[in-house]
Amino acid sequence: MSEAANPFESLQEQVDDAAAHLDVDAGTLARLKNPERVLETNLSVELDDGSVELFRAYRSQFNGARGPYKGGVRYHPQVSRDEVKALSGWMAYKCAVVDIPYGGGKGGIVVDPDDYSEAELERLTRAFATELRPIIGEDRDIPAPDVNTGRREMNWIKDTYETLENTTEPGVVTGKAPDSGGSAGRVEATGRSVMLTAREAFEYLGEDVEGATVAVQGYGNAGSIAARLLEDVGASVVAVSDSGGAAYDPDGLDTRAAKARKNETGEVTDYDAPETLTNEELLTLDVDLLVPAALENAIDGELAHEVEADVIVEAANGPLTPDADDVLADRDVHVYPDILANAGGVTVSYFEWVQNRQRFYWSEERVNEELETVIVDAFDRLTSTLEERDLPNFRTAAYVVAIERVLAASEQSGVWP
Ligand code: GLU
């Protein structure tokens, strides 16, 4: 395995690749490749045994031209300043691809949540929310769930913010539990947009997702729900994995039973499948559709030579390095990028925020219908841009569409001061 790519450099290369098809001056290009600001903070948290531990945390605000900064908060030992910067850029371009009125942001804490009690995680989250308070707000920057965070953490952030501000402002954070102002359909939304993107991609390629064989790397929120929804539209999910390895059944797995088993034991490999594989073996299976749904850099240039899938739909953020993209393009593997495919999460976050502001809540059916319209429209816009402008691949088409939207908003605002 070659040395892991720096995700921030990957983001910058992706922007450069798209900018080559646009008329962008050097100063503007630099703006498109760098965050506006990054908060770096050290959180002191009292542990259950009375000792105090310091946790490094970040929030990157990438580009606010199109609206408040928006993006998740991840809890993971590999969180770094560059990772958070990259993820905030991917959020800015993702929101522009699906044309929702947000800029991009992202936060993270360097922590393995499995090593801490719920009470410790609550204190950690409230400490982070306290640091974030001056720079977030429903019109400033709106956090959301990401890797290892969910409703529980969002409810704590909301409560901390509202208590300190002496107000009610549920739209300061999205991905909350329904009784705290969360939206129907939010938990499923990322997996749903992965399924919708796969469905549209197969149709575009003159094929049908029904009957397609699928491998899913990563069985957290995005991966497990994408797998279930793909199974529900008739695909055969043959392999699913988590960090401990993969369960493989060439005749198709029961995605719900695999999730139930993982919930019970913590390992998806405990699901009763005929074979177990390594993650690398899963990523190189001869399947119709591969869904990387874990972390960045799952497939690098080296591994890309061994990928046997025909289509890749990215559920994770940044799972392919730019080198992998080049190799896969040469090998005619069709890649549908993260900033379209996993945009369902932030799109339903937008619906949640709209509902919070109106204090008027939608049915799950309405959420799912509106999400489908957003994803299908974005997909169609990318295909027409790809064809009309003769672009090399869908990722470049996605960045061209997104950058043009960000630039239009920036130009209309002018330069200050
Ligand atoms: N963390 C998700 C993402 O990477 C969702 C962000 C949000 O809802 O703001 O797209």
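If you're wondering where the values come from, they're calculated on a predicted model, not measured in any experiment.

Conventions and cut-offs
- Residues numbered from 1 in each chain as written.
- Predicted model: local features only at pLDDT ≥ 70, side-chain atom pairs only at ≥ 80, totals over all residues.
- Heavy atoms only, no water.
- Helix = DSSP H or I, 4+ residues; strand = E, 2+ residues; numbered from the N terminus.
- Rg over C-alpha atoms; globule rule 2.2 N^0.38 Å.
- Contact = heavy atoms within 4.5 Å.
- Areas by Shrake-Rupley, 256 points an atom, 1.4 Å probe, with all protein chains shown as cover.
- Lys, Arg positive; Asp, Glu negative; His and termini not counted.
- Charge placed at Lys NZ, Arg CZ, Asp CG, Glu CD.
- Pairing = 2+ DSSP bridges.
- Near = heavy atom within 4 Å.
- Polar contact = N/O pair within 3.5 Å; in protein donor to acceptor, adjacent residues only side chain to side chain.
- Phe/Tyr/Trp six-rings, centres within 6.5 Å; stacked < 30°, edge-to-face > 60°.
- Buried < 20%, exposed > 50% of the residue type's maximum accessible area, 1.4 Å probe, protein only.
- Lys NZ or Arg CZ within 6 Å of the ring centre and 35° of its normal.
- Axes fitted to C-alpha atoms, helices over the stretch in contact; angles between N-to-C directions.
- Arc of directions from axis to C-beta.
- Patch = residues over 30% accessible without salt bridge, like charges linked within 9 Å, V, L, I, M, F, W, Y side chains within 5 Å.
- Salt bridge = Lys/Arg side-chain N within 4 Å of Asp/Glu carboxyl O.
- 1 Å grid on protein atoms, 1.4 Å probe; cavity = no way out; pocket = protein on both sides within 12 Å on 5 of 7 lines; lining within 4 Å.
- Points joined across faces, edges and corners; volume = space filled by probe spheres on them.

Colleague: Help me understand the overall build of the protein chain, please; the structure alone is not making it clear to me.
Modeller: Within the protein chain, the regular secondary structure consists of 15 helices and 12 strands. Taken over C-alpha atoms, the radius of gyration comes to 20 Å for the protein chain, in line with the 22 Å a tight globule of 417 residues would show. Overall size of the protein chain, expressed as C-alpha extent along the three principal axes, is 55 × 55 × 45 Å. Restricting to contacts in the protein chain with at least 6 residues of sequence separation, those with at least 24 account for 68%. Summed over its atoms, the accessible surface of the protein chain is roughly 16,700 Å², and 42% of this surface lies on carbon and sulfur atoms. In the protein chain, 36 positive and 80 negative side-chain charges are present, and the distance between their average locations comes to 9 Å.

Colleague: How should I be thinking about the pairing of strand β1 (residues 37-46) in this particular structure?
Modeller: Every other side chain in a regular strand lies on the same face of the sheet, so the side chains alternate between the two faces. With 10 bridges joining them, β1 and strand β2 (residues 52-63) adopt antiparallel strand pairing. For asparagine 42, the partnering residue across the bridge sits in β2 and is arginine 56. Counting the residues in the hairpin turn of β1 and β2 gives five residues, including glycine 50, whose phi is positive at 95 degrees.

Colleague: Honestly, the site of the ligand in this entry has me stumped. Any pointers?
Modeller: Looking at the ligand, there are 14 residues lining it, with Lys70, Lys94, Pro145, Asp146 and Ser349 nearest. One of the side-chain nitrogen or oxygen atoms of serine 349 is found 2.6 Å away from an oxygen atom of the ligand. The protein chains hide 95% of the 300 Å² of surface that the ligand would expose on its own. Listed by contribution, the elements that provide at least two residues to the shell around the ligand are β3 (69-76), α3 (81-97), β5 (141-145) and α13 (344-358).

Colleague: Before we go on, may I ask you to explain the packing of aromatic side chains in this structure?
Modeller: Centre-to-centre distance and the angle between the planes together describe a pair of aromatic rings. Applying the stated criterion across every chain yields a total of 13 aromatic pairs. A ring pair is formed by phenylalanine 55 and tyrosine 116, whose centres lie 5.4 Å apart and whose planes are at 70 degrees; its orientation type is edge-to-face. Note that phenylalanine 55 is positioned in strand β2 and tyrosine 116 in the loop between β4 (104-110) and α4 (118-132), a separation of 61 residues in sequence. Neither residue differs from the other here; phenylalanine 55 and tyrosine 116 are each classed as buried. Taken together, a centroid distance of 6.0 Å and an interplanar angle of 45 degrees make the contact between tyrosine 350 and phenylalanine 351 tilted. According to the relative accessible area criterion, phenylalanine 351 is buried, its value standing at 4%. Three or more aromatic residues joined by ring pairs make a cluster, and in this case those are Tyr102, Tyr350, Phe351, Trp353 and Trp362. Residue placement shows lysine 85 over the ring face of phenylalanine 8; its charged tip is 4.4 Å from the ring centre. For arginine 366, the ring lying beneath its charged end belongs to tryptophan 362, and the centroid distance is 3.9 Å.

Colleague: Any chance you could explain the sheet that holds β2 here in plain terms?
Modeller: Sheet strands associate in pairs through backbone hydrogen bonding, adopting either a parallel or an antiparallel arrangement. Pairing within the open sheet is mixed, and its five strands lie in the order β1-β2-β4-β3-β5. Unpaired on one side and paired on the other, β1 and β5 mark the two borders of the sheet. Averaged over all neighbouring strand pairs, the angle between strand axes comes to 25 degrees, with direction disregarded. Packing of α4 onto the sheet brings it into contact with β1, β2, β3 and β4, and relative to β1 it is tilted by some 145 degrees.

Colleague: What is the right way to read the pairing of strand β8 (residues 245-248) from this model?
Modeller: Two strands pair when backbone bridges link them, and strand β7 (residues 236-242) and β8 are joined in this way by four bridges, in the antiparallel orientation. Bridge pairing in β8 links serine 241 to alanine 246. Linking β7 back to β8 in an antiparallel pair, the connection comprises two residues. As defined by bridge partners, β8 adjoins strand β9 (residues 275-277) across three bridges and the pair is classed as antiparallel.

Colleague: Help me out: how do you make sense of helix α2 (residues 26-33) in this one?
Modeller: Since the α-helix turns once every 3.6 residues, residues separated by three or four places project in the same direction. Those residues of α2 lying buried are Leu29, Leu32 and Lys33. On an axial view of α2, the arc spanned by its buried residues comes to 95 degrees, and they lie on one face. Where α2 starts, the residue carrying a side-chain oxygen 3.1 Å from the main-chain nitrogen of glycine 27 turns out to be aspartate 25.

Colleague: In this structure, what is going on with a negative patch on the surface? I would like to understand it.
Modeller: Among the surface-exposed residues, Glu207, Glu275, Glu280, Glu281, Asp286, Glu302, Glu306, Glu308 and Asp310 lie close enough to one another that they form a single negatively charged patch. Mapped onto the fold, glutamate 308 is located in the loop between α10 (301-304) and β11 (311-313). For glutamate 308, a relative accessible area of 39% corresponds to the partly exposed category.

Colleague: Honestly, unusual backbone geometry in this entry has me stumped. Any pointers?
Modeller: The phi dihedral of asparagine 166 falls on the positive side, at around 55 degrees, and the residue is not glycine. The topology assignment puts asparagine 166 in the loop between α5 (151-165) and α6 (189-204). A positive phi angle, close to 60 degrees, is found at asparagine 297, a residue other than glycine. Within the element layout of this structure, asparagine 297 appears in the loop between β10 (289-292) and α10. A residue is classified by how much of its surface remains accessible, and asparagine 297, at 16% relative accessible area, is buried.

Colleague: So what exactly am I meant to see when it comes to the layout of surface pockets here?
Modeller: The computed volume of the second largest pocket comes to approximately 460 Å³. Arg31, Ser410, Glu411, Gly414 and Val415 are the residues nearest the centre of the second largest pocket, which is lined by 19 residues in total. Those elements that place two or more of their residues in the lining of the second largest pocket are α2 and α15 (394-413). Counting residues per element, the lining of the second largest pocket draws most heavily on α15, at five residues.

Colleague: Looking at this model, I keep getting lost on the side chain of lysine 33. Mind explaining?
Modeller: Along the polypeptide, lysine 33 turns up in helix α2. Look past the residues within four positions of lysine 33 in its chain and what remains in contact with it is Phe8, Gln12, Val15, Asp16 and Phe62.

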